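Here are the chains, one letter per residue:
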Amino acid sequence: QVQLVESGGGLVQPGGSLRLSCAASGSIFSINVMNWYRQAPGKQRELVAAITSDNIANYQHSVKGRFTISRDNAKNTVYLQMNSLKPEDTAVYYCHAILVTSSVSPEYSYWGQGTQVTVSS
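Another aspect to go through is the packing of aromatic side chains. Where two aromatic rings form a pair, the distance of their centres and the angle of their planes describe that pair. A full pass over the atoms with the stated rule returns 2 aromatic pairs. Arranged with centres 4.9 Å apart and planes meeting at 55°, the rings of Tyr37 and Trp111 form a pair that is tilted. Within this pair, whereas Tyr37 is found in strand β4 (residues 30-39), its partner Trp111 is found in strand β10 (residues 108-111), the two being separated by 74 residues in sequence. Over the ring of Tyr94 we find Arg45, and its NZ or CZ is 3.8 Å from the ring centre. One cation-aromatic arrangement involves Arg45 over Trp111; the distance from NZ or CZ to the ring centre is 4.8 Å.

Written out as C-alpha coordinates, the structure reads:
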(Lines give C-alpha, C1' and ligand atoms only; values in the text may rest on other atoms or scores of the structure.)
Protein backbone atom coordinates (compact mmCIF):
# COMPACT_ATOMS: atom_id res chain seq x y z
CA GLN A 1 0.00 0.00 0.00
CA VAL A 2 1.37 3.37 -1.04
CA GLN A 3 0.83 6.19 1.42
CA LEU A 4 1.34 9.93 1.08
CA VAL A 5 1.70 11.80 4.36
CA GLU A 6 1.62 15.60 4.47
CA SER A 7 3.05 17.73 7.24
CA GLY A 8 3.93 21.35 7.95
CA GLY A 9 0.52 22.98 7.99
CA GLY A 10 -0.62 25.33 10.70
CA LEU A 11 -1.68 28.85 11.56
CA VAL A 12 0.31 31.76 10.19
CA GLN A 13 -0.23 35.51 9.93
CA PRO A 14 -0.72 37.21 6.57
CA GLY A 15 2.65 37.75 4.93
CA GLY A 16 4.15 34.80 6.74
CA SER A 17 5.61 31.57 5.41
CA LEU A 18 5.10 27.85 5.75
CA ARG A 19 6.76 24.83 4.18
CA LEU A 20 4.68 21.76 3.50
CA SER A 21 6.19 18.33 3.08
CA CYS A 22 4.75 15.16 1.58
CA ALA A 23 6.54 11.86 1.97
CA ALA A 24 5.55 8.86 -0.12
CA SER A 25 6.14 5.38 1.25
CA GLY A 26 5.39 1.80 0.30
CA SER A 27 6.06 -0.10 -2.90
CA ILE A 28 7.16 2.59 -5.33
CA PHE A 29 8.90 1.91 -8.60
CA SER A 30 8.86 5.48 -9.85
CA ILE A 31 6.98 8.72 -9.24
CA ASN A 32 6.19 10.50 -12.46
CA VAL A 33 4.40 13.60 -11.19
CA MET A 34 3.84 15.09 -7.75
CA ASN A 35 1.24 17.76 -7.16
CA TRP A 36 -0.14 20.00 -4.47
CA TYR A 37 -3.87 20.68 -4.46
CA ARG A 38 -5.91 22.72 -2.04
CA GLN A 39 -9.55 22.98 -1.09
CA ALA A 40 -11.03 25.92 0.78
CA PRO A 41 -14.43 25.81 2.49
CA GLY A 42 -17.22 26.10 -0.04
CA LYS A 43 -14.85 25.79 -2.99
CA GLN A 44 -13.73 23.03 -5.32
CA ARG A 45 -10.36 21.40 -5.02
CA GLU A 46 -7.81 23.16 -7.21
CA LEU A 47 -4.32 22.43 -8.41
CA VAL A 48 -1.71 24.67 -6.78
CA ALA A 49 1.56 23.36 -8.15
CA ALA A 50 2.98 20.37 -9.99
CA ILE A 51 6.45 18.99 -10.56
CA THR A 52 7.69 16.23 -12.84
CA SER A 53 10.40 13.67 -12.23
CA ASP A 54 12.80 15.79 -14.28
CA ASN A 55 12.07 18.81 -12.07
CA ILE A 56 9.80 20.81 -14.35
CA ALA A 57 7.43 22.87 -12.21
CA ASN A 58 4.15 24.61 -12.96
CA TYR A 59 2.03 26.85 -10.75
CA GLN A 60 -1.46 28.19 -10.47
CA HIS A 61 -1.42 31.85 -11.45
CA SER A 62 -2.53 33.05 -8.01
CA VAL A 63 0.52 31.55 -6.27
CA LYS A 64 3.17 32.15 -8.92
CA GLY A 65 6.07 34.09 -7.44
CA ARG A 66 5.02 33.25 -3.89
CA PHE A 67 5.08 29.44 -3.77
CA THR A 68 7.87 27.08 -4.79
CA ILE A 69 7.45 23.36 -5.35
CA SER A 70 10.46 21.05 -5.15
CA ARG A 71 11.16 17.36 -4.75
CA ASP A 72 13.77 15.03 -3.36
CA ASN A 73 13.58 11.88 -5.44
CA ALA A 74 15.88 9.92 -3.13
CA LYS A 75 13.43 10.51 -0.27
CA ASN A 76 10.25 10.28 -2.38
CA THR A 77 9.29 13.63 -0.91
CA VAL A 78 7.77 16.78 -2.38
CA TYR A 79 7.79 20.19 -0.73
CA LEU A 80 5.77 23.35 -1.08
CA GLN A 81 7.44 26.51 0.20
CA MET A 82 4.74 29.12 0.71
CA ASN A 83 5.77 32.75 1.17
CA SER A 84 3.79 35.98 1.39
CA LEU A 85 0.74 34.05 2.50
CA LYS A 86 -2.68 35.62 2.15
CA PRO A 87 -5.97 34.84 3.90
CA GLU A 88 -7.29 33.46 0.62
CA ASP A 89 -4.58 30.79 0.78
CA THR A 90 -6.43 29.26 3.71
CA ALA A 91 -7.37 25.71 2.74
CA VAL A 92 -6.68 22.06 3.28
CA TYR A 93 -3.64 21.23 1.17
CA TYR A 94 -3.41 17.78 -0.40
CA CYS A 95 -0.42 15.99 -1.80
CA HIS A 96 -1.05 13.97 -4.95
CA ALA A 97 1.23 11.61 -6.86
CA ILE A 98 1.05 9.77 -10.14
CA LEU A 99 3.31 6.76 -9.78
CA VAL A 100 3.90 3.13 -10.62
CA THR A 101 4.46 0.44 -8.00
CA SER A 102 6.42 -2.01 -10.16
CA SER A 103 7.94 -2.30 -13.60
CA VAL A 104 4.87 -4.20 -14.85
CA SER A 105 2.21 -2.01 -13.25
CA PRO A 106 0.34 0.87 -14.86
CA GLU A 107 0.58 4.33 -13.38
CA TYR A 108 -1.87 5.14 -10.63
CA SER A 109 -3.09 8.12 -8.66
CA TYR A 110 -2.57 8.47 -4.90
CA TRP A 111 -3.71 11.16 -2.46
CA GLY A 112 -2.53 12.26 0.94
CA GLN A 113 -4.86 12.92 3.85
CA GLY A 114 -4.47 16.69 3.73
CA THR A 115 -2.96 19.29 6.04
CA GLN A 116 -4.71 22.45 7.19
CA VAL A 117 -3.20 25.83 6.38
CA THR A 118 -4.84 28.83 8.02
CA VAL A 119 -3.72 32.38 7.26
CA SER A 120 -5.21 34.79 9.74
CA SER A 121 -4.25 37.63 12.05
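With that settled, consider unusual backbone geometry. Leave glycine aside and you will find that most residues have negative phi; peptide bonds, for their part, are mostly trans. The phi torsion at Asn55 lies on the positive side, around 75°, for a residue other than glycine. Note on Asn55: relative accessible area 52%, which makes it exposed. Positive phi, normally seen in glycine, also occurs at Ser84, with a value near 50°. Note on Ser84: relative accessible area 41%, which makes it partly exposed.

Inside soluble globular proteins, nonpolar side chains tend to come together where they are buried. Core analysis: the largest hydrophobic core is formed by 29 residues, its most contacted members being Trp36, Val48, Phe67, Val78, Leu80, Met82 and Tyr93. Contributing elements (two or more residues each) for this core: β3 (18-25), β4, β5 (46-52), β7 (67-72), β8 (77-82), β9 (91-100) and β11 (115-119). The greatest single-element share of this core, amounting to 5 residues, is contributed by β9.

For His96, the position within the fold is in strand β9. Separated by 2.5 Å, the side chains of His96 and Ser109 make a polar contact. Setting aside its immediate chain neighbours within four residues, His96 contacts Leu4, Val33, Met34, Asn35, Tyr37, Ser109, Tyr110 and Trp111.

Pairing analysis gives 5 bridges linking strand β1 (residues 3-7) to β3, with the strands arranged antiparallel. Considered in β3, the bridge of Leu4 is made with Ala24. Relative to β8, β3 runs antiparallel, the two sharing 6 bridges. Residue pairing in the sheet places Cys22 in a bridge with Val78 of β8.

Turning next to the pattern of salt bridges. The final tally for this structure, using the stated rule, is 3 salt bridges. A salt bridge links Asp89 to Arg38, with the nearest nitrogen and oxygen atoms 2.9 Å apart. You can see Asp89 sitting in the loop between β8 and β9 and its partner Arg38 sitting in strand β4, a full 51 residues away along the chain. For the residue pair Asp89 and Arg38, the accessibility class agrees, reading buried in each case. Note that Asp89 and Arg66 form a salt bridge whose closest N and O atoms lie 2.8 Å from each other. In this pair, Asp89 is assigned in the loop between β8 and β9 and Arg66 in the loop between β6 (57-59) and β7, connecting sequence segments 23 residues apart. In this structure Asp89 comes out as buried when scored by relative accessible area, which is 0%. Through salt bridges with shared partners, one network takes in Arg38, Glu46, Arg66 and Asp89.

Definitions and limits used
- Residues numbered from 1 in each chain as written.
- Predicted model: local features only at pLDDT ≥ 70, side-chain atom pairs only at ≥ 80, totals over all residues.
- Heavy atoms only, no water.
- Phe/Tyr/Trp six-rings, centres within 6.5 Å; stacked < 30°, edge-to-face > 60°.
- Helix = DSSP H or I, 4+ residues; strand = E, 2+ residues; numbered from the N terminus.
- Lys NZ or Arg CZ within 6 Å of the ring centre and 35° of its normal.
- Buried < 20%, exposed > 50% of the residue type's maximum accessible area, 1.4 Å probe, protein only.
- Core = buried A, V, L, I, M, F, W, Y, C linked by side-chain atoms within 4.5 Å.
- Polar contact = N/O pair within 3.5 Å; in protein donor to acceptor, adjacent residues only side chain to side chain.
- Contact = heavy atoms within 4.5 Å.
- Pairing = 2+ DSSP bridges.
- Salt bridge = Lys/Arg side-chain N within 4 Å of Asp/Glu carboxyl O.

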